[in-house]
Amino acid sequence: QVQLMESGGGLVQPGGSLTVSCAASGSIFSMDALGWYRQAPGQERELVVVTSGGSTNFADSVKGRFTISRDNAKNMVYLQMNSLRPEDTAVYYCYADRWSQNRKYIYWGQGTQVTVSS
């Protein structure tokens with residue numbers, strides 16, 4: 001069982017930058033996919049970025065502004081967000097999944113609030 005915990009959310013002005021972090025209780029090296037989702041008030045949770053099998057896919061709305069990185073030694077995943085917009089305001093969730101014996105295990109963090117406002 002892997003537990004994920006996000007941190008680093010907060011209030012940032014439009015055009016600003018923020019990095020949110022995800023700490024995993026187990027090895028992220030064993031995960032088949034890592035990523036970030038977000039959920040704005042009254043909206044469904046949506047994909048921000050997922051990295052799997054050497055490829056990384058970003059939502060069109062964040063391409064060129066957000067980057068994902070990982071530190072396997074520290075079991076950390078980061079989401080660097082630049083040129084933030086008010087529409088980026090949401091709760092950001094860390095995501096990981098792993099396949100084992102033909103079964104997919106999905107892990108979520110508790111979320112961290114990011115608010116973009118002047």
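Colleague: What is the right way to read the overall build of the protein chain from this model?
Modeller: Looking only at helices and strands, one finds 0 helices and 11 strands in the protein chain. For the protein chain, the N- to C-terminal ordering of α and β elements is β-β-β-β-β-β-β-β-β-β-β. Against the 2.2 N^0.38 benchmark of 13 Å for 118 residues, the protein chain shows a C-alpha radius of gyration of 14 Å, consistent with a compact globule. Summarising its shape, the C-alpha atoms of the protein chain cover approximately 50 × 25 × 25 Å along the three principal directions. Relative to its 118 residues, the protein chain shows a buried fraction of 42%. The long-range share in the protein chain, meaning contacts at least 24 apart out of those at least 6 apart in sequence, stands at 55%. A total of about 6500 Å² of accessible surface is found on the protein chain, and carbon and sulfur atoms cover 46% of it. Each charge class in the protein chain was averaged separately, 10 positive and 9 negative side chains, and the resulting centres sit 4 Å apart.

Colleague: What is the right way to read the sheet that holds strand 3 (residues 18-24) from this model?
Modeller: Neighbouring strands of a sheet are bound in pairs by backbone hydrogen bonds; such pairs are parallel or else antiparallel. Here we have 4 strands laid out as an open sheet, ordered 1-3-8-7, and antiparallel in their pairing. The open sheet terminates on both sides in strands that have one partner only, identified here as strand 1 (4-7) and strand 7 (66-71). The sheet shows a mean angle of 20° between the axes of neighbouring strands, direction not considered. By the bridge criterion, 6 bridges tie strand 3 to strand 8 (residues 76-81) in an arrangement that is antiparallel. Across the sheet, residue C22 finds its bridge partner in strand 8, namely V77.

Colleague: Mind showing me how you'd approach the pattern of salt bridges here?
Modeller: Two side chains bearing opposite charge may form a pair once their charged atoms approach each other closely. Taken as a whole, this structure holds 5 salt bridges when the rule is applied. In this structure, the salt-bridge partner of R65 is D88, at a minimum N-O distance of 2.8 Å. Taken together, the positions of R65 in the loop between strand 6 (55-58) and strand 7 and D88 in the loop between strand 8 and strand 9 (90-100) put the pair 23 residues apart, joining distant regions of the chain. With a relative accessible area of 0%, D88 lands in the buried category.

Colleague: Looking at this model, I keep getting lost on the side chain of N75. Mind explaining?
Modeller: Here N75 lies in the loop between strand 7 and strand 8. Ignoring any residue separated from it by four or fewer positions in sequence, one finds N75 in contact with C22, A23, A24, G26, S27 and I28.

Colleague: Can you walk me through the environment of N72 in this structure?
Modeller: By secondary structure assignment, the location of N72 is in the loop between strand 7 and strand 8. Measuring from C-alpha to C-alpha, the distance between N72 and S27 comes to 7.4 Å, with 45 residues separating the pair along the chain. In this view, N72 contacts I28 and F29; residues no more than four positions away in its chain are not counted. Here R70 takes part through its side chain, which lies 3.0 Å from a polar atom of the side chain of N72.

Cut-offs applied
- Residues numbered from 1 in each chain as written.
- Predicted model: local features only at pLDDT ≥ 70, side-chain atom pairs only at ≥ 80, totals over all residues.
- Heavy atoms only, no water.
- Helix = DSSP H or I, 4+ residues; strand = E, 2+ residues; numbered from the N terminus.
- Rg over C-alpha atoms; globule rule 2.2 N^0.38 Å.
- Buried < 20%, exposed > 50% of the residue type's maximum accessible area, 1.4 Å probe, protein only.
- Contact = heavy atoms within 4.5 Å.
- Areas by Shrake-Rupley, 256 points an atom, 1.4 Å probe, with all protein chains shown as cover.
- Lys, Arg positive; Asp, Glu negative; His and termini not counted.
- Charge placed at Lys NZ, Arg CZ, Asp CG, Glu CD.
- Pairing = 2+ DSSP bridges.
- Axes fitted to C-alpha atoms, helices over the stretch in contact; angles between N-to-C directions.
- Salt bridge = Lys/Arg side-chain N within 4 Å of Asp/Glu carboxyl O.
- Polar contact = N/O pair within 3.5 Å; in protein donor to acceptor, adjacent residues only side chain to side chain.

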